[in-house]
Amino acid sequence: MSPGPARAALTEFVLKVHSRCDLACDHCYVYEHADQSWRRRPTWMTPEVLRAAADRIAEHATAHRLSSVSVVLHGGEPLLLGPERMRRTVADLRRVIDPVTRLRIGMQTNGVLLSERFCDLLAEYDVAVGVSLDGARAANDLHRRFRNGASSYDQVLRALALLRRPAYRRLWSGLLCTVDVRNDPVGVYESLLAQEPPRIDFLLPHATWDAPPWRPGTGGTAYADWLRAVYDRWRADGRPVPVRLFDSLLSTARGGPSGTEWLGLDPIDLAVVETDGEWEQADSLKTAYDGAPATGMTVFSHPVDDVAASPELARRRSGRAGLSGECRRCAVVDQCGGGLFAHRYGAGHFDHPSVYCADLKELVVHVNENLPAPVPVRLDADLSDGLVDRVAASTGDGDGDAIRQLVEAQTAIVRALLREVAGGLPDGGLGADGWAALTELDRRAPGSVARVAAHPYVRTWAVDCLAGTGTGARHGPGYLGAIAAAVASDAGVPVRVTVPVRAGRLHLPTVGTVLLPEVGDGTAQVDVGPGSLKVSAGDVTVAVRTDAGEDTPRWQPTRTLVADDMTVLLEDGDPHRDCHRLPVGERLDDAGATRWAATFAAAWGIVTDEVPGHAEELRAGLRALVPLRRSGDGVSEASTGRQAFGGVAATETDAGSLAVLLVHEFQHSKMNALLDICDLVDRTRTTDIVVGWRPDPRPVEAVLHGIYAHAAVADIWRIRADRQLDGAQAVYRRYRDWTAEAIGALETADALTPAGSRLLRLVARSMAGWPS
């Protein structure tokens, strides 16, 4: 009934489409560092290699049912392909991969050869463009020069001027700047900001313990000092543009993902294809030693699964376990993550902290001491124990009031996140009118604000927006306008706001989606009236009735699932719902929605009959059910997003299976909410534990999650076994044994806080009287 073990999947692929470059940057890891394999490789990727790579990616996406993959065109310099080869390259990728999954194509370029012809081509195939620039002319000329020593600065600025044009602006993904501490940090920041980029990415120059980075004679933490100066100015400016390094640190400070391999403990899900078809690890490893990125595999001989399973990548996906002992003991390891893997190399191995260890630690501490808007304060010990008792007891009896307390805490967290997003808005910037409207609506209709804020995918958007990742970054702070419009619609209060349109879709959370294919990516003015919306974008004006509840060519309302005393949203339209580890489905047709309604009503009847305590809790906290894409093998699957309390995603299945999935996943949702406000895991004691439901050792928090969820599943099957349902006894014993064994292992590990240990004891006590 629950999802089976997940094989490691890769979702990002870097294709080295051209192995030469028209610049001679002296800090380039491809040509100037230890690995010199470029010398033996073909100049460009042949059509045969490209098609084999595309086939492997499509094969992998199909096997793992990936909702999307990213392909980054890299080099060398990818624009050296020329327009015709580039067209064939992106057309082949689209032709092979688009039919099986959503394909995002990006390109990193020095910008020298970017032209209108290239921009038209890239726009036609929807290719995002990142450009390298190290600052103003003097800063950029320190490294980014032609072989004859001439500056590339003017050519790059011409490229950026092209990307700022309205026709091409949507292509531009941001600026990449390699730090040189000899340059003035604030001057570099200001020069980059002057180009009006959608994002800035600061990179530390590649270095190892064998080839350490240049430092001024004073030594110390020069790189931390440089980045700290930029961070402070960026904060003072109101965070006018996403900066990946800083957004990553802010995200990890709140327990979120890092969104980058440079920091944090996110598993690495990237592989590289060289021009000759060789699979490689991240090519930053070229800075370590000759042959460091090699896997010994090619796109002709090995599928992506083999690359993902290689020991080299496995270590980089193993979290703390793959770090040196010094890193594992460090107080900031969850944010630093040991730094970039390549930067740990020295004396023939990677079992070191980063060569930038002191700098990273100093920067992390500085950011943590200057967080812009902290999440609400954790509960004190007495309150924590009381809530833990009630939530732990809910493995059987149920406590709706405890869940309502979690809901209130989650709403407070979402409010804090919304304030944090708004705090980074420039005066008059997109989202400013939405925030003003939301503030006024909170005064006039606080209940409507609370209802919309409780929607699971409002928090998902806010966390991603602040981290600069996913659809949250794509919609940006302007989505505050969408939230305000949704609140106004709920409250019946007239309001006018500007709302982002992405891929021709304007979405209002909990309300529905207006279809504006003519707009593509842009903005629209939304006027909310009683039971109606008027949407204006350029020459396009659309009027819809939000109280009609039926699809029209321009309007897809958010539908509901109703069963006796329970109503939840059937969420198949929110762009931020794709936060689960399984791929979400597309908008359901009427027949599909009708099937879901019938199955949910029957499943709800089963839950209320078999486990009424869980029904009470689901009634208090479940907000949305997201249909997942059907799996090829027909196995029932479900998932809960870490940042999406009250949302459960599931594949279409029978009522009995859906009943179990709802209870199972809502246990995970409750645990996530409890972890937001209570410290249950002792972060100073890191260990992995073998459990029955997974083949790989699991970290302590994941084990605690599994115990809490599987105890509830075992309880359902215990009741079904008592009723002599066929096969129920064996399923009950499996879940009971898994849970009991994991409780024993977690007790032995001694890796929980007093509150966590209390919860574990209470779950164990609730199972004590169960039959063997």
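Structural notes, computed from the coordinates. (Residues numbered from 1 in each chain as written. Predicted model: local features only at pLDDT ≥ 70, side-chain atom pairs only at ≥ 80, totals over all residues. Heavy atoms only, no water.)

## A few points about the sheet that holds strand S3 (residues 102-109)
Pairing within the open sheet is mixed, and its nine strands lie in the order S6-S5-S4-S3-S2-S1-S7-S8-S9. Two strands bound the open sheet, and with one partner strand each, they are strand S6 (200-203) and strand S9 (294-298). When strand polarity is set aside, the average angle formed by the axes of neighbouring strands in this sheet is 25°. Where strand S8 (residues 278-280) and S9 come together, three bridges link them in antiparallel fashion. Looking across to S9, one finds that Glu 278 is bridged to Thr 298. (Pairing = 2+ DSSP bridges. Helix = DSSP H or I, 4+ residues; strand = E, 2+ residues; numbered from the N terminus. Axes fitted to C-alpha atoms, helices over the stretch in contact; angles between N-to-C directions.)

## Details of the pattern of salt bridges
According to the stated counting rule, one finds 51 salt bridges in the structure shown. The salt bridge partner of Asp 134 is Arg 144, with a shortest N-O separation of 3.1 Å. A residue pair is termed long-range when its members are at least 10 positions apart, and Asp 134 in the loop between strand S4 (127-132) and helix H4 (137-141) and Arg 144 in the loop between H4 and helix H5 (153-164) qualify at 10 residues. Asp 134 sits in the buried class, given a relative accessible area of 1%. The exposure class of Arg 144 is buried, given its relative accessible area of 8%. Ionic pairing is found between Asp 154 and Arg 137, a salt bridge with its closest N-O pair at 2.6 Å. Linking Asp 154 in helix H5 with Arg 137 in helix H4, this pair joins segments that are 17 residues apart in sequence. Take Asp 154: its relative accessible area is 37%, and that puts it in the partly exposed class. (Salt bridge = Lys/Arg side-chain N within 4 Å of Asp/Glu carboxyl O. Buried < 20%, exposed > 50% of the residue type's maximum accessible area, 1.4 Å probe, protein only.)

## Structural notes on the pairing of strand S15 (residues 540-545)
Here S15 shows a clear split, with Val 540, Val 542 and Val 544 buried on one side and none of Thr 541, Ala 543 and Arg 545 buried on the other. Across six bridges, strand S14 (residues 532-537) lies against S15 in antiparallel orientation. Among the inter-strand pairings, Ser 532 is bridged to a residue of S15, identified as Arg 545. Taking the residues between adjacent antiparallel strands as the criterion, S14 and S15 are bridged by two residues, where Gly 538 takes a positive phi near 65°.

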